[in-house]
Amino acid sequence: MKHYVGLDVSQKEVSLCVVDGDGEVIAEGKVATEPALVLSWIEDRVGAVERIVHESGPLSIWLTRELARLGAPVVCIDARAAHKALSARMNKSDRADAEALAQLARTGWYREVHIKSEASDRLRLLLGARERMIRIRQDIESQARGILKTYGIRLGPVAQSRERAGFREQLRAAASGDPLIEAVAASLIAVHDVACAEAAAIEKELQDIARDSDLARRLMTIPGVGPMVALSFIATIDDVARFGRASDVGAYLGLTPRRYQSGEIDYSGRISTRGDGAMRALLYEAASVLISRVQRFSPLKAWAVRLAARKGFKKAAVAAARKIAVIMLRLWRDGTTFAWTREEMPA
């Protein structure tokens, strides 16, 4: 008889439940959160199993990869979808959740979550570190400007200098004369200098990766798309075969409107904002550059400019961001580059 396993995972322990094809509980228990121990417990009780199911969470990527390496038929499911089934029970406990997950594994009523490759995660690590360094730099600049305004000192705009050295020079000059402000400014300047230098170093590494990647170079032929947008898209999508249609990527990134329909009521709302918020922000920035800064015209730019004149810049930028994402997926899947004229477009 086939057996199915549900895992309720926490930081220290995993609650396990095994059910048979009829839904009867065969075994229950707890082990430490170690893939080898989990698989050993299962093999000792029932041997081979049909499917092992656990929810998406902080440890789900690591646990899925390690169990898969050990040859286990593991599936990570969407925690939001699983919550509907788990919340139907009157009592909430790890043991009850593990049993409910085992029943989901048996019935197949779940939505599987794609576990990204290690290469994708390493790329996302670099992109996330760069974003964090930039946020630290922005926080320091905002704090310094706020402190100095208390004393009537207003810093001017910072020119596009190397690693924003102009801000540190302004802050150093504005703080001179007051020992307390000088001490605070010196600390902020030191951290700001390090954050800018580290952000620049990470950005250079990412640019080198983009330069060496044929896929990234092809994606960068799209107007408005630079190395960071291209690499972020590659890291976010990971496997282009996941999408049956290129247009599905818009919904995956939360760039399609919500819909509510009930009886005679049927309307579309704002975009869903599901998925990766950082990727969505980068696509919006690329769309803004396309509409306002790219000089060379193309069918894409002409469409976006007409839409901005008719619907306003923000709505046009969101629509252009969605279209850029669709085009990027098509270029990835087809192995082509961006068509600047209608004659270059595929039939």
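Counting from 1, residues in each chain are numbered in the order their sequence is written. Reporting of local features is limited, given that this is a predicted model, to residues whose pLDDT is at least 70; pairs of side-chain atoms are given and counted only at 80 or more, and all residues count toward the totals for whole chains, interfaces and linings. Note: side-chain values were computed over all heavy atoms of the structure, leaving out hydrogens and water.

A separate point is the environment of leucine 39. Only DSSP runs of H or I reaching four residues or more are called helices, and only runs of E reaching two or more are called strands; each is numbered from the N terminus. Mapped onto the secondary structure, leucine 39 falls in helix 1 (residues 35-45). When the C-alpha positions of leucine 39 and glycine 71 are compared, they lie 9.4 Å apart, and in sequence the two are 32 residues distant. Any two residues whose heavy atoms approach within 4.5 Å at even a single point are treated as in contact. Aside from chain neighbours lying at most four places away, what touches leucine 39 is Leu67, Leu70 and Ala72.

With that out of the way, let us pick up a nonpolar patch on the surface. On the surface, a cluster of nonpolar side chains totalling about 330 Å² of accessible area is made up of Tyr260, Ile265 and Tyr267. You can see tyrosine 267 is positioned in strand 7 (residues 265-271). For tyrosine 267, a relative accessible area of 48% gives the class partly exposed. The patches described consist of residues with a relative accessible area above 30% and no salt bridge, like charges being joined within 9 Å and nonpolar side chains (Val, Leu, Ile, Met, Phe, Trp, Tyr) within 5 Å. In these tables, accessible area is a Shrake-Rupley quantity obtained with a 1.4 Å probe, and a residue counts as shielded only by the protein chains included in the view. Whenever Lys or Arg places a side-chain nitrogen within 4 Å of a carboxyl oxygen from Asp or Glu, that contact is recorded as a salt bridge. Residue exposure (1.4 Å probe, protein chains only): buried if accessible area is under 20% of the type maximum, exposed if over 50%, otherwise partly exposed.

Let's shift gears to the side chain of glutamate 141. You can see glutamate 141 is positioned in helix 5 (residues 118-149). Those residues in contact with glutamate 141 that lie beyond four places of it in its chain are Arg164, Phe167 and His192.

Think of each axis as a best-fit line through the C-alpha atoms, taken over the contacting stretch in the case of a helix, with angles from 0 to 180 degrees between the N-to-C directions. Contact pair helix 11 (residues 277-292) / helix 13 (residues 313-334): the axes reach a minimum separation of 8 Å and the direction vectors enclose 110°. Between helix 11 and helix 13, the angle falls in the class roughly perpendicular. Seen from helix 11, the contacting residues are Leu283, Tyr284, Ala286, Ala287, Ser288, Leu290 and Ile291; seen from helix 13, they are Phe313, Lys314, Ala316, Ala317, Val318, Ala320, Ala321, Ile324, Ala325 and Met328. Ten residues, namely Ala, Val, Leu, Ile, Met, Phe, Trp, Tyr, Cys and Pro, are considered nonpolar, four, namely Asp, Glu, Lys and Arg, are considered charged, and the remaining ones, Gly among them, are considered polar. Its residues placed into classes, the contact of helix 11 with helix 13 shows 15 nonpolar, one polar and one charged. For this classification, under 35 degrees means roughly parallel, over 145 means roughly antiparallel, 65 to 115 means roughly perpendicular, and everything else is oblique.

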